[in-house]
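Structural overview for review
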Amino acid sequence: MALFTCCFEPVEFPEFLDTFIQKCTDPSCCCGCCSALRPRYKRLVDNIFPVNPEDGLVKSNMEKLTFYSLSSPDKLDRIGEYLYQKASKDINRKRYKFVEIAMEAMDILLQACHAQTTLNLFVESFLRMVQKLLEDSNPNLQILATNSFVKFANINEDTPSYHRRYDFFISKFSSMCHGNNENIELRDSIRLAGIKGVQGVIRKTVSDDLVENIWEKQHMEKIVPSLLFNMQSGDLTPVEDATAVTPPVLAEEVLRELVGRASFGHIRSVLKPLLSHLDRHELWVPNTFAIHTFRIVMISIQPQYSYTVVETLMQHLDSNFKSSPKTRTSLAVVLSKIIAIAAGESVGPSALDIINNLLTHLRTSVSTTSEITPEESQYQEALINALGEFANHHPDYQKIEIMLFIMNTVPDLSKKSKGDQMLQNILLKSLLKVGTQYSTVSFEKAFPASFLQPLLKMARAPHDPTRIIVMQIFQALLDRHQNEKVLSAVSIKPYAALSQETPSRSDIIFTHKYGANIMQALIDSMALSDKLDSLTSSYNTAALLIVEMACGETVQEFLLFILGIQQVATTSDDLSVIHKCCLNIIAMALLTLIARVTGINSLLEYAQKIIEDRKQEATYFLPPLLDSRKSNKTYNLSLPHLAIDKMALAECLQSAGMDFNRLQTGVPYSLNQMDNPGHRHSWVESVSNTMTQRNSSADLTAYNGDADSISSSPGVSKKALAPEYTVDAMKRYLAEPSESVKKEQLEKQKQIVRTFRESDFEELMRRTEPKHDVIQNRLNDLFNSLAIDNKTPQSTTSQNEKPIYETNFPELFYY
């Protein structure tokens, strides 16, 4: 190694004349005057350093160096290299003040020359110097280097960089995020510097596709846990001083930025180390931090990618199926908290896919446990809540699709194993959760046939819990005016807070089409158990049905329904005495309710009369319901004079000026009558069916006995219409053919066909002659008087000739 060095370089000889008189500042220089022979950029760099390091950077000389750099950009790389060499020597000599001056000069040159095309050459020296400072154990130098790197990261470079790598910076900044210095203030400063450095790396690499891919696994496994480590060390409650930047606050900000910059292909790169960190540090129980973190992710992520987060979390739940119920419950709760955010972007198949995944987890939970523990039950409830939250943020038409989808996954009632029963209840609870989120406007849309039929089948399930859930589903969809809680108690007293509205035409049509099926299912459900909760839920559903649908056009159906409940209590031999008393109580309560809802005073007076009589003789026929477990008394059920009378109800309707024909001729509902004759279609369907059945008059076998020709048919008399001659009465008459009417019409058709086939021609002629001689004679007298009054001499009518209007023309038999 040479003992002396000379600063003279022959290449820089032209600069010698400019600074010949200057002295050499390098202590190892061989002579005092050779500074004139040193390169100009070195002299300018040397001049920015003061004699006393405490004085800081020499500003005037720094301006000269900056101007020289701008005017001679080709010297930038040499300036950077020279500054790096000086800083390295100062670091080795522990002259940290000079190192800070060198770093400050680097920052100024970087900011001033960032538009130069040769900046890439200077950046290499800059990054080497930053790395040199970060490698030192002095925390102040690490913080200084980090701040310089952040300034560099905020510069938008015009020229791409092909050969830069940031592996060291990612590792070093991540390790700084985990700083554990005993001095809390210094520790927080180091952590803040590390988080800022990570943020700088993210900004520098995400925007430049030519540099290292920061989304790779080895980088994300360092960055994401570092951010989460700082976030979990802070308080999740809002900070009063929003201006104070702490490691948790800054880490949360960087995580938001990282997730927000992630594209669809990079989301999972962030989520996998996030889930691994929560697993490794057991942060699922309690799950406060997990919920907070995933909410940040869901809010920061691009909306169209939010479905990926839900899908990834579900897959993680799959992989944890052997974990403790508490862990799985916490995962499900986190899912329920964030799934609503993803719901808005999930439509069509993606929405049903999420529902299917949730149902799969529910089925797995039921199938893997022989007995439901409280912890496992909490897990299932969390999944159901997640399903409900997801459905709640979808439009109503999609909620109907979701309910149909869930209903199709419920096991058949024929499967009576304990596991299937548990699965039925769990899936029906899921259906109920969605139903409670649905806002019913039209019953026709809320109860499509494909959904109503299996639901009615479930209402006849032999297990009480299943039936109760089904009734709750009906209540959720029927209750449009929030009357469910008001009607939850069986009572004959007026409901003070009852809210109601006149049913629309579509609701009335729905009642005509499906009301009988629903009421039949309710009767079957009431007859299956005498438990109070089961009977009360059935009553609640029936009461809501009456409040929402009862009116003058449907009151007869509901009265037949009430009579059917009473008839089951009277005629069924399989029911206990307590059960029969409860059915009589329900029938009485529903009768008073329908009288008040429809405003039929005569019906209400009749109900009050029965109530008074029962108070005198049989209080066990009045609310509240009797509990079979607490009642040991004997009751007399043979009290026909205290029963609701069908003819008396018809008289009440008649006295109110309402149609009572259906109630008078109809049959009350009975048990296990799956195809109830009360099921009717709208009058439009009836008329259209009649019209399509009409054929030519020559086809006697298809003759259907039209109303206009009944009076002239042999041996058939015209049926009298209902006494209420209104348009609605006519529609009901056409729309409501009962089985007995259908049979009667069919018999008439057969009789007409038989008559025309078997009788001879003279008999047919005789039967079609006018039989009303009194009316005919009266008409003849009127025509004769008119003919005499108008007689003129030009009349050519012979006295012996029979008038044309007296001739009977059996035109049906003229050919």
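Residues numbered from 1 in each chain as written. Predicted model: local features only at pLDDT ≥ 70, side-chain atom pairs only at ≥ 80, totals over all residues. Heavy atoms only, no water.

Under an unreviewed UniProt entry, the protein has the name Protein EFR3 homolog cmp44E and belongs to Stomoxys calcitrans. The heading Sequence similarities (unreviewed entry) in the UniProt record of the protein holds the text "Belongs to the EFR3 family." (UniProt positions renumbered as here; feature names shortened; annotations may be inferred.)

In this section: the overall build of the protein. Looking only at helices and strands, one finds 33 helices and zero strands in the protein. Counting only residues that meet the buried cut, the protein has 48% of its 815 residues in that class. Restricting to contacts in the protein with at least 6 residues of sequence separation, those with at least 24 account for 72%. For the protein, the computed accessible surface area is about 41300 Å², with 53% contributed by carbon and sulfur atoms. (Helix = DSSP H or I, 4+ residues; strand = E, 2+ residues; numbered from the N terminus. Buried < 20%, exposed > 50% of the residue type's maximum accessible area, 1.4 Å probe, protein only. Contact = heavy atoms within 4.5 Å. Areas by Shrake-Rupley, 256 points an atom, 1.4 Å probe, with all protein chains shown as cover.)

Between helix 4 (residues 96-112) and helix 5 (residues 119-135), the shortest axis-to-axis distance is 11 Å and the interhelical angle comes to 150°. Of the possible angle classes, the one that applies to helix 4 and helix 5 is roughly antiparallel. Between helix 4 and helix 5 lies a crossing of left-handed hand. Of the residues in helix 5, those touching helix 4 at Val99, Ala102, Met103, Met106, Asp107, Leu109 and Leu110 are Leu119, Phe122, Val123, Ser125, Phe126, Met129, Val130 and Leu133. (Axes fitted to C-alpha atoms, helices over the stretch in contact; angles between N-to-C directions. Parallel < 35°, antiparallel > 145°, perpendicular 65-115°, else oblique. Left-handed = near helix turned anticlockwise from the far one by under 90°.)

This next bit is on unusual backbone geometry. Along the chain, Val285 connects to Pro286 via a cis peptide bond; the corresponding omega equals -10°. Assignment of secondary structure puts Pro286 in the loop between helix 11 (267-280) and helix 12 (288-300). Pro623 connects to Pro624 through a cis peptide bond whose omega is 5°. The topology assignment puts Pro624 in the loop between helix 26 (601-617) and helix 27 (646-655). In the Ramachandran plot, Lys94 falls in the positive-phi region, its phi being about 65° despite a non-glycine side chain. Its place among the elements puts Lys94 in the loop between helix 3 (76-92) and helix 4.

Interaxial distance between helix 26 and helix 27 falls to 8 Å at its minimum, and their mutual angle equals 150°. Here Ser602, Leu603 and Tyr606 of helix 26 lie close against helix 27, whose contacting residues are Ala648, Leu649, Cys652 and Ser655. Looking at side-chain class alone, the contact of helix 26 with helix 27 contains five nonpolar, two polar and no charged residues. (Nonpolar A, V, L, I, M, F, W, Y, C, P; charged D, E, K, R; others polar.)

So, about the side chain of Lys204. Positionally, Lys204 belongs in helix 8 (residues 184-206). Reaching out from Lys204, the side chain makes a polar contact with the backbone oxygen of Ile155 at a distance of 2.7 Å. (Polar contact = N/O pair within 3.5 Å; in protein donor to acceptor, adjacent residues only side chain to side chain.)

Right, let's get into the packing of aromatic side chains. In this structure the tally under the stated criterion is 20 aromatic pairs. An angle of 25° between the planes, with centres 5.7 Å apart, marks the rings of Phe447 and Phe474 as stacked. Placement of Phe447 in the loop between helix 19 (443-446) and helix 20 (449-459) and of Phe474 in helix 21 (residues 464-478) is noted, with a sequence separation of 27 residues between them. The same class applies to Phe447 and to Phe474, which are both buried. Members of the aromatic cluster, joined through ring pairs, are Phe126, Phe149, Phe152, Tyr166, Phe168, Phe169 and Phe173. Lys204 extends its terminal NZ or CZ atom over the ring of Phe152, reaching a point 4.4 Å from the ring centre. In this arrangement the basic side chain of Arg328 is found over the ring face of Tyr379, its NZ or CZ atom lying 4.7 Å from the centre. (Phe/Tyr/Trp six-rings, centres within 6.5 Å; stacked < 30°, edge-to-face > 60°. Lys NZ or Arg CZ within 6 Å of the ring centre and 35° of its normal.)

What follows concerns the environment of Ile473. By the secondary structure assignment, Ile473 is in helix 21. Ile473 gets classed as buried once you look at its relative accessible area, which sits at 0%. Other than its neighbours up to four places away in sequence, Ile473 contacts Leu428, Leu431, Leu432 and Leu455.

Bringing helix 10 (residues 247-261) into the picture now. In this model helix 10 runs 21 Å from its N-terminal to its C-terminal C-alpha over 15 residues, within 8% of the 21 Å that 1.5 Å per residue would give. Buried residues of helix 10: Pro247, Pro248, Leu250, Ala251, Val254, Leu255, Glu257, Leu258 and Val259, and no others. Buried positions along helix 10 lie against helix 8, helix 9 (217-232), helix 11 and helix 12. (Expected span 1.5 Å × (residues − 1).)

Inspection of the secondary structure puts Ser69 in helix 2 (residues 59-71). Beyond its immediate sequence surroundings of up to four residues, Ser69 is in contact with Leu76, Ile79, Leu109 and Cys113.

Let us look at helix 24 (residues 555-571). Given a rise of 1.5 Å per residue, 17 residues ought to cover 24 Å, and the 24 Å separating the end C-alpha atoms of helix 24 matches this to within 8%. Most of helix 24 sits out of view: 14 of its 17 residues are buried.

A cluster of nonpolar side chains, namely Leu779, Leu782, Phe783 and Leu786, defines an oily patch on the protein surface of about 330 Å² accessible area. Assignment of secondary structure puts Phe783 in helix 33 (residues 773-789). (Patch = residues over 30% accessible without salt bridge, like charges linked within 9 Å, V, L, I, M, F, W, Y side chains within 5 Å. Salt bridge = Lys/Arg side-chain N within 4 Å of Asp/Glu carboxyl O.)

As a further point, take the pattern of salt bridges. Scanning all chains against the criterion turns up 25 salt bridges. Close ionic contact of Glu221 with Lys217 constitutes a salt bridge, the shortest N to O distance being 4.0 Å. Taken together, the positions of Glu221 and Lys217, both in helix 9 and four residues apart, correspond to about one turn of that helix. Note on Glu221: relative accessible area 43%, which makes it partly exposed. Taking the relative accessible area as the measure of exposure, Lys217 reaches 61% and is therefore exposed. Where salt bridges share partners, they join Arg203, Glu257 and Arg261 into one cluster.

In this structure, Leu119 sits in helix 5. Taking the relative accessible area as the measure of exposure, Leu119 reaches 4% and is therefore buried. Taking C-alpha positions, Leu119 is 8.0 Å from Asp77, a pair spaced 42 residues apart along the chain. Aside from chain neighbours lying at most four places away, what touches Leu119 is Leu110, Cys113 and His114.

Position of Ile301 relative to the elements: it lies in the loop between helix 12 and helix 13 (306-319). Once residues lying within four places of it in the same chain are set aside, the contact partners of Ile301 are Val259, Ile267, Ser306 and Val309.

Further remarks concern the confidence of the model for the protein. Averaged over every residue, the pLDDT of the protein is 80; the share at 70 or more is 78%. Under a pLDDT of 50 for its full length, residues 675-724 has, in the predicted model, 60 contacts with residues more than four places off or in other chains. (pLDDT = per-residue confidence, 0-100.)

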